[in-house]
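Each chain, written out:
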Amino acid sequence: MINSNPEVAHTVQQLIEFIGTFAFAISGIRMAAAKHFDWFGGFVCGFAVAIGGGTIRDVMLGATPFWMTSSIYVVCTVFALLVVILFAKSLNRMENAWLVFDTFGLALFTIAGLQKTLLYEHSFWVAIIMGCITGAAGGIIRDVLLNQEPVIFRKDIYAMASVAGGLVYWLLTLAGLNVGLSSITTFLVICLIRFLAVRYHISLPILRDEKRN
Amino acid sequence: MINSNPEVAHTVQQLIEFIGTFAFAISGIRMAAAKHFDWFGGFVCGFAVAIGGGTIRDVMLGATPFWMTSSIYVVCTVFALLVVILFAKSLNRMENAWLVFDTFGLALFTIAGLQKTLLYEHSFWVAIIMGCITGAAGGIIRDVLLNQEPVIFRKDIYAMASVAGGLVYWLLTLAGLNVGLSSITTFLVICLIRFLAVRYHISLPILRDEKRN
Amino acid sequence: MINSNPEVAHTVQQLIEFIGTFAFAISGIRMAAAKHFDWFGGFVCGFAVAIGGGTIRDVMLGATPFWMTSSIYVVCTVFALLVVILFAKSLNRMENAWLVFDTFGLALFTIAGLQKTLLYEHSFWVAIIMGCITGAAGGIIRDVLLNQEPVIFRKDIYAMASVAGGLVYWLLTLAGLNVGLSSITTFLVICLIRFLAVRYHISLPILRDEKRN
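Owing to the predicted nature of the structure, the values given are computational and were not obtained by experimental measurement.

1. Some words on the UniProt feature "domain: Glycine transporter" (unreviewed entry) in chain A
Residue and element names in this part refer to chain A.
Here is step 1 of the chain: Those residues carrying the UniProt feature "domain: Glycine transporter" (unreviewed entry) are residues 15-88 and 100-172 in this numbering.
Here is step 2 of the chain: The distance from the first to the last C-alpha atom of residues 15-88 is 24 Å, and the span holds 81% helix and 0% strand.
Here is step 3 of the chain: Spanning residues 100-172, this segment combines 77% helix with 0% strand, and its end C-alpha atoms are found 25 Å apart.

2. Some remarks on the interface of chain C and chain B
Here is step 1 of the chain: With 31 residues of chain C at the contact, the number on the chain B side is 35 residues.
Here is step 2 of the chain: Taken together, both faces of the contact between chain C and chain B bury some 2900 Å²; the carbon and sulfur share is 68%.
Here is step 3 of the chain: In this structure, the connection of chain C to chain B is made through 1 salt bridge.
Here is step 4 of the chain: Residue assignment for the side of chain C that touches chain B shows that the elements contributing at least two residues are helix 2 (39-61), helix 5 (124-145) and helix 6 (159-174) of chain C.
Here is step 5 of the chain: It is helix 5 of chain C that provides the largest number of residues to the side of chain C that touches chain B, a total of 7 residues.
Here is step 6 of the chain: Of the residues that constitute the side of chain C that touches chain B, the class distribution is 19 nonpolar, 4 polar and 8 charged.

3. With respect to the packing of helix 2 (residues 39-61) of chain B against helix 4 (residues 95-119) of chain B
For any two helices packed against each other, the geometry comes down to the angle between their axes and how far apart the axes lie.
Residue and element names in this part refer to chain B.
Here is step 1 of the chain: Where helix 2 meets helix 4, the closest approach of the two axes is 11 Å, and the angle between their N-to-C directions is 10°. The angle between helix 2 and helix 4 falls in the class roughly parallel. Within the contact between the two elements, helix 2 uses Ala50, Arg57, Asp58 and Leu61 and helix 4 uses Phe109, Ala112, Gly113, Lys116 and Thr117.
Here is step 2 of the chain: The class makeup of the residues in the contact of helix 2 with helix 4 is 4 nonpolar, 2 polar and 3 charged.

4. Quick look at the environment of Gly20 of chain B
Residue and element names in this part refer to chain B.
Here is step 1 of the chain: Relative to the assigned elements, Gly20 resides in helix 1 (residues 6-34).
Here is step 2 of the chain: We classify Gly20 as buried; its relative accessible area is 0%.
Here is step 3 of the chain: Put simply, Gly20 and Val168 are 148 residues apart on the chain and 21 Å apart in space, counted from C-alpha to C-alpha.

5. Considering the relation of the copies chain C and chain B
Here is step 1 of the chain: The transform that puts chain C on chain B rotates by 120° and translates by 0.0 Å along the axis, for an RMSD of 0.0 Å. The superposition operator between the copies reduces to a three-fold rotation axis.
Here is step 2 of the chain: A low fraction, 10%, of the interface residues of chain C reappear at the interface in chain B, so the copies pair through non-equivalent surfaces.

6. A look at the side chain of Asp143 of chain B
Here is step 1 of the chain: Among the secondary structure elements, Asp143 of chain B is positioned in helix 5 (residues 124-145).
Here is step 2 of the chain: The contact partners of Asp143 of chain B, leaving out residues within four places of it in the chain, are Met31, Gln148, Glu149, Pro150 and Val151 of chain B.

7. Brief notes about the packing of helix 4 (residues 95-119) of chain A against helix 6 (residues 159-174) of chain A
Residue and element names in this part refer to chain A.
Here is step 1 of the chain: At a minimum axis separation of 10 Å, helix 4 and helix 6 run at an interaxial angle of 50°. Classified by the interaxial angle, the pair formed by helix 4 and helix 6 is oblique. When you trace helix 4 past helix 6, the crossing you get is right-handed. Side by side, helix 4 and helix 6 meet where Leu106, Thr110, Leu114, Gln115 and Leu118 of the first sit next to Ala161, Ser162, Gly166 and Tyr169 of the second.
Here is step 2 of the chain: In terms of residue class, the contact of helix 4 with helix 6 is built from 5 nonpolar, 4 polar and no charged.

8. Observations regarding the interface of chain B and chain A
Here is step 1 of the chain: On the side of chain A, 35 residues touch chain B, which itself brings 31 residues to the contact.
Here is step 2 of the chain: Joining chain B to chain A, the criterion identifies 1 salt bridge.
Here is step 3 of the chain: Where Glu149 of chain B meets Lys35 of chain A, a salt bridge forms, and the shortest distance between an N and an O atom there is 3.3 Å.
Here is step 4 of the chain: Applying the counting rule to chain B against chain A returns 7 residue pairs in polar contact (both at pLDDT 80 or more).
Here is step 5 of the chain: Counting only elements with at least two residues in the side of chain B that touches chain A, the list comes to helix 2, helix 5 and helix 6 (159-174) of chain B.
Here is step 6 of the chain: Take the side of chain B that touches chain A: its biggest share by element is 7 residues, from helix 5 of chain B.

9. Some remarks on the packing of aromatic side chains
Here is step 1 of the chain: Summed over all chains, the structure comprises 36 aromatic pairs over all chains.
Here is step 2 of the chain: For the pair Trp98 of chain A and Phe101 of chain A, a centre-to-centre distance of 5.7 Å together with 80° between the ring planes defines the contact as edge-to-face. Here Phe101 of chain A and Trp98 of chain A lie together in helix 4, a separation of 3 residues that amounts to about one turn.
Here is step 3 of the chain: For the ring pair Phe24 of chain C and Phe109 of chain C, a centre distance of 4.8 Å and an interplane angle of 50° mean the geometry is tilted. Pair noted here: Phe24 of chain C is in helix 1 (residues 6-34) and Phe109 of chain C is in helix 4 (residues 95-119), with a separation of 85 residues, a long-range link.
Here is step 4 of the chain: On the accessibility criterion, Phe24 of chain C (1% relative accessible area) is buried.
Here is step 5 of the chain: Site record: aromatic cluster; members linked through ring pairs are Phe22, Phe79, Trp98 and Phe101 of chain A.
Here is step 6 of the chain: One cation-aromatic arrangement involves Arg199 of chain A over Tyr200 of chain A; the distance from NZ or CZ to the ring centre is 5.0 Å.

10. Comments concerning the relation of the copies chain B and chain A
Here is step 1 of the chain: For the pair chain B and chain A, the best superposition has an RMSD of 0.0 Å and corresponds to a rotation of 120° with a translation of 0.0 Å parallel to the axis.
Here is step 2 of the chain: Take the interface residues of chain B: only 10% of them recur as interface residues in chain A, which is what a contact between different surfaces looks like.

11. Looking at the UniProt feature "transmembrane region" (unreviewed entry) in chain A
Residues and elements named next belong to chain A.
Here is step 1 of the chain: Per the UniProt entry, the sites bearing "transmembrane region" (unreviewed entry) are residues 12-32, 39-60, 66-87, 99-118 and 124-145 in this numbering.
Here is step 2 of the chain: The straight-line gap between the two end C-alpha atoms of residues 12-32 is 30 Å; of that span, 100% is helix and 0% is strand.
Here is step 3 of the chain: Within residues 99-118, the helical portion is 100% and the strand portion 0%, while the C-alpha atoms at the span's ends are 29 Å from each other.

12. Describing the confidence of the model for chain A
Predicted coordinates in areas of low pLDDT are best not read in detail.
Here is step 1 of the chain: Averaged over all residues, the pLDDT of chain A is 90; the fraction at 70 or higher stands at 95%.
Here is step 2 of the chain: Here the complex is predicted with pTM 0.92, and the ipTM for its interfaces comes to 0.90.

13. So, the pattern of salt bridges
Residue and element names in this part refer to chain C.
Here is step 1 of the chain: Tallied over the entire structure, the rule returns 15 salt bridges over all chains.
Here is step 2 of the chain: Of the charged contacts in the structure, one is a salt bridge between Arg57 and Asp58, with a shortest N-O distance of 2.9 Å. Pair check on accessibility: Arg57 and Asp58 agree, each one buried.
Here is step 3 of the chain: For the salt bridge of Asp143 with Arg142, the shortest nitrogen-to-oxygen distance reads 3.1 Å.

Cut-offs used in this document
Residues numbered from 1 in each chain as written. Chains lettered and ligands numbered in written order. Predicted model: local features only at pLDDT ≥ 70, side-chain atom pairs only at ≥ 80, totals over all residues. Heavy atoms only, no water. UniProt positions renumbered as here; feature names shortened; annotations may be inferred. Helix = DSSP H or I, 4+ residues; strand = E, 2+ residues; numbered from the N terminus. Contact = heavy atoms within 4.5 Å. Buried area = accessible area lost by both parts, 1.4 Å probe. Salt bridge = Lys/Arg side-chain N within 4 Å of Asp/Glu carboxyl O. Nonpolar A, V, L, I, M, F, W, Y, C, P; charged D, E, K, R; others polar. Axes fitted to C-alpha atoms, helices over the stretch in contact; angles between N-to-C directions. Parallel < 35°, antiparallel > 145°, perpendicular 65-115°, else oblique. Buried < 20%, exposed > 50% of the residue type's maximum accessible area, 1.4 Å probe, protein only. Least-squares fit on C-alpha atoms with pLDDT ≥ 70 in both. Left-handed = near helix turned anticlockwise from the far one by under 90°. Polar contact = N/O pair within 3.5 Å; in protein donor to acceptor, adjacent residues only side chain to side chain. Phe/Tyr/Trp six-rings, centres within 6.5 Å; stacked < 30°, edge-to-face > 60°. Lys NZ or Arg CZ within 6 Å of the ring centre and 35° of its normal. pLDDT = per-residue confidence, 0-100.

Structural data, given as structure tokens:
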């Protein structure tokens with residue numbers, strides 16, 4: 001159905017991308033608020049989550065960073081800043097919604113990273129790493145700016161959902177599936193892994209501290 | 001007057017740029033000293049403030065980082081390191097001078113960022129962001145290296161002076177003013193905003209922590 | 001001898017490079033373990049040490065990051081992760097071996113940085129800085145990810161061994177020595193300085209904190 005109507009698919013993708021960017025920006029701004037940063041600090045942290053991973057990817061690919069070609073990402077971050085400023089109290093009640101949005105962002109950013117890297121004719125293992133960087137590096141930059149240990153180095157499975165999605169995309173492409181169906185399946189796999197990980201608190205094993213064990 | 005004598009204008013700009021680079025390097029080295037870093041750590045922190053923002057800008061523009069084309073920035077940082085090593089005790093008495101130098105640096109780096117980005121034919125809103133990155137990102141990198149929260153996310157208005165200067169530069173360009181006069185006006189606007197902000201402790205509002213309010 | 005048999009020299013260099021990458025990755029993963037990061041966090045910290053410096057160099061040179069052109073660096077980091085997971089307890093007994101491997105990595109990464117920068121026709125002072133970045137920046141990124149002050153800003157001489165090696169390489173090139181002999185001499189000089197620094201706890205002077213002195 002989606003293949004038979006590329007315009008609808010494109011609009012859906014843009015909508016999900018906007019929602020993902022918005023959710024990523026919100027996560028940065030809320031954590032900046034918890035550190036009592038000012039509005040500018042909030043904007044930078046939000047923008048860093050929203051565009052950080054894709055910017056690192058584009059710089060390594062030798063491409064112009066994607067956010068410099070369309071003002072939507074800046075606008076989206078300003079909009080997220082206004083929402084946090086105006087509705088800070090109400091945001092707590094929406095944790096589940098943010099989780100869903102953030103996961104959509106992770107999945108869609110991963111797919112965008114995979115496809116752009118393949119477009120630049122790199123190997124698939126490079127694309128999988130770039131997909132993971134696109135989806136997860138922004139959160140690491142946010143935590144570095146907040147002066148705290150990156151949460152994704154300890155919490156429920158996050159980046160590995162992106163890597164798993166990349167592997168699925170690879171297998172489906174090898175199997176000859178078209179881009180549209182491969183993307184949708186990858187999207188669903190990443191969301192499923194992430195939701196299961198949060199629901200059942202599934203984490204990767206912690207590295208043993210050699211001095212204590 | 002400055003337009004009628006481009007050589008004088010160029011010399012004045014180079015002198016201010018040297019002073020700005022020097023002041024930026026000093027700020028990094030002094031904060032490294034407060035953390036008891038060694039001389040190498042001081043050099044890296046000073047160099048990071050002096051060239052960090054412009055390097056991020058150039059990498060995103062696809063240009064060779066500016067400091068790789070002239071040794072003046074390395075020399076200037078080494079000179080700043082020597083000054084801090086030899087005259088550490090005297091530096092405290094010069095706080096006002098450092099504030100003035102640092103503000104000159106912010107203003108001039110912002111203008112350099114604006115002009116270089118426009119030269120690469122990006123939109124004006126990209127140039128304003130790049131001007132802000134050129135002026136303010138070095139200080140963020142310094143704070144990340146020092147393992148502390150970036151001060152410009154909480155202190156008196158700093159980065160927003162750069163953004164305001166970028167908007168003024170945009171308006172003046174739209175109004176058809178030439179580059180020289182636009183640059184001088186932008187320089188004065190940034191310095192004025194920054195000095196007023198420090199003098200009267202003007203800050204952006206702090207984001208409310210949703211858990212406490 | 002080495003010159004008369006380029007294939008042996010190449011194999012030796014690849015072997016040392018693999019050992020250096022492995023040692024760098026181990027250092028990142030072990031420090032991630034001390035912070036109780038999970039396997040993914042360990043991989044990222046290890047990979048950051050192994051490829052961080054060279055990636056910054058390549059991005060500034062306008063080259064494709066080296067690790068994107070051969071999977072050996074990813075494989076090497078995964079292998080290092082497995083070693084830390086399986087043999088955490090035994091690693092403590094090998095401190096001296098890690099020091100030697102890590103120093104080999106520093107020396108070889110420095111030389112790789114020097115040569116690649118000169119290949120891109122930059123000045124020698126740029127090459128010396130790039131050599132130092134290639135060898136030492138990965139460790140700084142690791143410490144930023146671990147949310148701690150970079151150890152090389154305070155510890156025994158490390159980055160300055162790389163800079164000294166760069167100066168030696170410069171002098172030998174000026175003197176007309178061929179690349180092979182210049183490289184070997186530089187390698188030995190860096191290792192010697194580093195081993196002496198560790199053996200006799202030679203550090204750079206600490207910057208004086210102006211407020212306390």
